[in-house]
Structure formats: C-alpha cells, structure tokens
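Residue-level structure breakdown
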Amino acid sequence: MLRAQQLQWQLEGRAILRQLDIDLVPGQFVGLIGPNGAGKSSLLRLLAGLAAPTSGEVLARRSPAEKASSLRQLPPRERGRWLAYLAQQEKPAWPLAVEHLVELGRSPWRGLASAQEDARAIATALEITDLLPLRQRPINCLSGGELQRAQLARVFAGEPQVILADEPIAALDPYHQLHIMELLRGCADKGGLVVAALHDLSLAARFCQRLVLLDQGQLVADGEPVAVLTPENLAQVYGISAHVDCREDGVVVIPRQRQERGSP
C-alpha cells in the first residue's frame with residue numbers, strides 16, 4: 001500500500017532520515033517508536049506527501065490491480081480521499097464548532113459524495129469518538145484531550161484507507177488512550193493501514209501488530225512487538241534498562257533506570 005524506498009531527508013544540512021526501506025501493507029496497525037528526534041514525525045510527513053525527500057521516494061498502490069507510483073504524483077484531493085494525516089499537537093486557528101471541524105474531513109469528497117453520505121460519516125465519527133454531546137462547542141473551549149479526539153474524528157470522517165497519526169494519544173487520559181487505540185486497531189482490522197508514532201511502548205505493543213524502531217533517522221528493528229522490544233534494543237536506542245514482561249495480552253515495558261545510550 002505504501003513503500004518508503006531508499007528514503008533520505010536532510011534539513012539544514014543535517015540528515016534526518018537515512019536510506020529507509022519500509023513496506024507498509026493493508027490490515028496492519030504499525031507503531032513507529034523511538035526516542036525524541038529519531039525521525040518518526042519526519043517519516044510520517046514524507047509518507048503523507050507533505051514534504052519531498054532529499055532522495056529516494058514514497059510509492060503508493062491503492063489497489064492490487066494498480067501499479068505502484070510516486071505518492072506525490074497523486075492529485076491532492078485524490079490523495080486526501082485515500083490518506084489522512086494527523087499532525088502532532090495540532091492547534092485550531094479559529095473557533096469552529098466541533099461538528100464543523102469534523103466536517104472538514106469530508107472536504108476531499110465534495111462533489112463526489114451525497115449530502116446524506118457526508119452527514120452519515122460525520123455523525124459516525126462524532127459518535128465513535130464520544131463527541132456527540134460536544135458537537136456544538138467551540139473547539140477553542142475544549143480540553144487538550146477533547147481537542148485531540150475532535151481532530152481524530154475529522155480524520156475518521158474522511159473514511160480514508162490509510163491513516164498516518166503523529167502521537168494520537170498524547171494528552172489523553174487512560175480511558176481515552178485505550179479508546180483511541182481500539183479505534184485505530186479497528187481500522188486496521190477492517191483492512192486499512194494505520195501508522196502511528198507512539199511513545200507508550202506497552203500500549204504500542206498491545207495494539208500494534210508491528211513496530212518499527214527508529215534511532216537517529218535509521219531503522220533499528222522492524223517486526224512483531226516481542227521481537228522489537230528487547231532489553232538490548234531498549235538499552236541501545238533509549239538508553240534505559242527495562243523489565244520486559246511478555247504476557248498473553250501483549251508486552252509490558254517497565255523502565256528501571258537510565259544508562260549510557262548504546263550500552264548493553
């Protein structure tokens with residue numbers, strides 16, 4: 001569905017991403033993990049077509065019968081119907097009502113979907129994110145967690161096949177962290193592709209079928225959570241010693257203490 005091919009990106013002469021090769025396929029919830037500055041947000045922006053790589057490319061294939069082509073060659077509205085991007089800590093510029101913010105998710109469908117289809121998609125997005133009681137509230141009067149759910153509802157309203165989310169559970173209480181992770185996993189279980197940058201390693205391990213571990217713009221590990229979240233990888237990349245508990249419902253990571261990064 002999406003392929004990063006020899007992807008490199010430099011900013012102000014500094015290498016942010018270094019020759020990344022990643023295949024992302026339908027039916028997966030992929031967690032992007034790694035320390036601050038690892039390149040997670042940059043990779044999501046490139047996968048969304050919001051920035052051009054210094055070298056390499058992002059290829060997209062929207063159906064099995066379609067030949068893979070450069071993502072940035074897709075017209076913006078066509079890309080917007082297929083793929084949605086949620087930025088990190090996005091702040092509203094004006095005091096829209098919640099339901100009007102969510103309605104913006106239908107913009108790529110304008111002229112292609114009926115008013116009834118738009119209304120259904122918006123109502124469903126408000127309902128699944130527990131925002132129906134707040135639909136008339138101005139978004140500048142929301143708490144941080146409520147605003148995050150409203151931004152996610154906007155994404156869901158567009159009914160994309162691909163969701164790229166940068167820290168989608170930041171600022172959420174534990175109940176809504178679980179709620180949003182369940183919703184994102186549900187999108188993947190229905191055949192979509194979800195790629196999310198995450199810092200909660202235990203939640204990432206519980207809900208994501210696959211984790212991609214980055215450090216300093218390079219791919220360190222890619223695979224099932226139990227294979228990626230090893231004490232050795234956590235020490236090398238995060239600079240921590242940790243207790244890693246493999247359970248039936250996922251992998252639980254309990255940090256113990258800081259140590260020199262790269263130490264065994």
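What comes next is a walk through the structure. Predicted model, so just to flag it, every value in this text is computed and none were measured. (Residues numbered from 1 in each chain as written. Predicted model: local features only at pLDDT ≥ 70, side-chain atom pairs only at ≥ 80, totals over all residues. Heavy atoms only, no water.)

**Notes on the overall build of the chain**
We apply this condition: Under the DSSP-based scheme used, a helix requires at least four consecutive residues in state H or I and a strand at least two consecutive residues in state E, with every element numbered from the N terminus. A radius of gyration in this sense is built from C-alpha atoms; the matching globule rule multiplies 2.2 Å by the number of residues raised to 0.38. Throughout, exposure labels follow a simple rule: accessible area from a 1.4 Å probe, protein chains only, divided by the maximum for the residue type, with under 20% read as buried, over 50% as exposed, and the rest as partly exposed. Contacts are assigned to residue pairs that have any heavy atoms within 4.5 Å of one another. Working definition of accessibility: Shrake-Rupley area with a 1.4 Å probe, residue cover restricted to the visible protein chains. We score Asp and Glu as negative and Lys and Arg as positive, and we do not count His or the chain ends. A charged residue contributes its charge at one atom only: NZ of Lys, CZ of Arg, CG of Asp or CD of Glu.
For the chain, the count of helices and strands is 9 helices and 12 strands. For 264 residues, the compact-globule formula gives about 18 Å, and the C-alpha radius of gyration of the chain, at 19 Å, lands near that figure. With respect to the three principal axes, the spread of C-alpha positions in the chain is 60 × 40 × 35 Å. In the chain, which comprises 264 residues, the share counted as buried stands at 49%. Pairs at least 24 apart in sequence give 63% of the contacts found in the chain among residues at least 6 apart. Accessible surface, the chain: about 12900 Å² in total, of which carbon and sulfur atoms supply 49%. Seen as two clouds, the 28 positive and the 29 negative side-chain charges of the chain have centres 5 Å apart.

**Observations concerning the side chain of Asn233**
This is how it is decided: Here a polar contact is recorded for every N or O atom pair within 3.5 Å, except that within protein the pair must consist of a potential hydrogen donor and a potential acceptor, and residues adjacent in sequence are included only if both atoms are side-chain atoms.
Mapped onto the fold, Asn233 is located in helix H9 (residues 231–238). Engagement of the side chain of Asn233 in a polar contact is seen with the backbone oxygen of Val228, the distance being 2.8 Å. Apart from residues lying up to four places away in sequence, Asn233 is in contact with Leu213, Val220, Ala221, Ala227, Val228 and Tyr238.

**Looking at the packing of helix H4 (residues 115–128) against helix H5 (residues 144–157)**
Describing two packed helices takes the angle between their axes plus the distance from one axis to the other. What counts, and what does not: Fitted lines through C-alpha atoms give the axes, limited to the stretch in contact for helices. The angle between two N-to-C directions lies from 0 to 180 degrees. Left-handed is the label given to a crossing in which the near helix is rotated counterclockwise from the far helix by less than a right angle, and right-handed is the label when the rotation is clockwise. Put simply, Ala, Val, Leu, Ile, Met, Phe, Trp, Tyr, Cys and Pro go in the nonpolar bin, Asp, Glu, Lys and Arg in the charged bin, and everything else, Gly too, in the polar bin.
At a minimum axis separation of 8 Å, H4 and H5 run at an interaxial angle of 140°. For the element pair H4 and H5, the recorded crossing hand is right-handed. Residue-level contacts link Ala121, Ile122, Ala125 and Ile128 of H4 to Ala153, Phe156 and Ala157 of H5. Residues of the contact of H4 with H5, tallied by class, amount to 7 nonpolar, no polar and no charged.

**Details of unusual backbone geometry**
Glycine aside, negative phi is the norm for most residues, and most peptide bonds take the trans geometry. Even without being a glycine, Gln6 presents a positive backbone phi close to 50°. As for its placement among the helices and strands, Gln6 is situated in strand S1 (residues 2–11). By relative accessible area, Gln6 is classed as partly exposed at 35%. In this structure, Asp130 takes a positive phi of about 60° despite not being glycine. Relative to the elements of secondary structure, Asp130 occurs in the loop between H4 and H5.

**Re the sheet that holds strand S4 (residues 55–60)**
Rule in force here: At least two bridges found by DSSP between two strands are what make those strands a pair.
With antiparallel pairing, 4 strands are arranged side by side in an open sheet as S2-S1-S4-S5. Looking along the sheet, the strands with just one partner apiece sit at the ends: strand S2 (14–24) and strand S5 (69–70). Here S4 pairs with S5 via 2 bridges, running antiparallel. Bridge pairing in S5 links Ala60 to Ser69. Running over the sheet, helix H1 (residues 40–47) touches S1, S2 and S4 and is turned about 60° from S2.

**So, the nonpolar core**
Test applied: Within this scheme, the nonpolar core is defined by two criteria: the residues are buried Ala, Val, Leu, Ile, Met, Phe, Trp, Tyr or Cys, and they are joined through side-chain atoms within 4.5 Å.
Counting 51 residues, the largest nonpolar core has Phe29, Ile33, Val98, Val102 and Leu229 as its most contacted members. Among the elements that line this core, the one with the most residues is H5, at 7 residues. Aside from chain neighbours lying at most four places away, what touches Ile33 is Lys40, Leu198, Leu201, Ala204, Leu211, Val212, Leu213, Leu214, Val228, Leu229 and Tyr238. Listed in part, the 34 residues of the second largest apolar core include Leu2, Leu46, Leu47 and Val58.

**What about the packing of aromatic side chains?**
Using the following cut-off: Centres within 6.5 Å are what make two rings of Phe, Tyr or Trp a pair, Trp counting through its six-membered ring; a difference in plane orientation under 30 degrees is then read as stacked, over 60 as edge-to-face, and the rest as tilted. In this analysis the charged atom, NZ for Lys or CZ for Arg, is taken to sit over a ring once it is within 6 Å of the ring centre and within 35 degrees of the ring normal.
Going through the model one piece at a time under the given rule, you end up with 0 aromatic pairs. When the ring centre of Trp109 is taken as reference, the NZ or CZ atom of Arg81 above it lies at 5.9 Å.

**Quick word on the side chain of Arg149**
As a reminder, the rule being used: We define a salt bridge as a side-chain nitrogen of Lys or Arg found within 4 Å of a carboxyl oxygen belonging to Asp or Glu.
Mapped onto the elements of the fold, Arg149 is located in helix H5. At 4.6 Å, Glu146 is the nearest oppositely charged side chain to Arg149, a buried residue that forms no salt bridge. Those residues in contact with Arg149 that lie beyond four places of it in its chain are Thr129, Asp130, Leu131, Leu172, His176 and Ile180.

**Considering the pattern of salt bridges**
Counted according to the given criterion, the structure contains 10 salt bridges. Where Arg137 meets Glu146, a salt bridge forms, and the shortest distance between an N and an O atom there is 4.0 Å. A salt bridge links Arg210 to Asp222, with the nearest nitrogen and oxygen atoms 2.8 Å apart. Here Arg210, found in strand S9 (residues 210–215), pairs with Asp222, found in strand S10 (residues 218–223); they are 12 residues apart in sequence, far enough to count as distant. Residue classification places Arg210 among the buried positions, given a relative accessible area of 10%.

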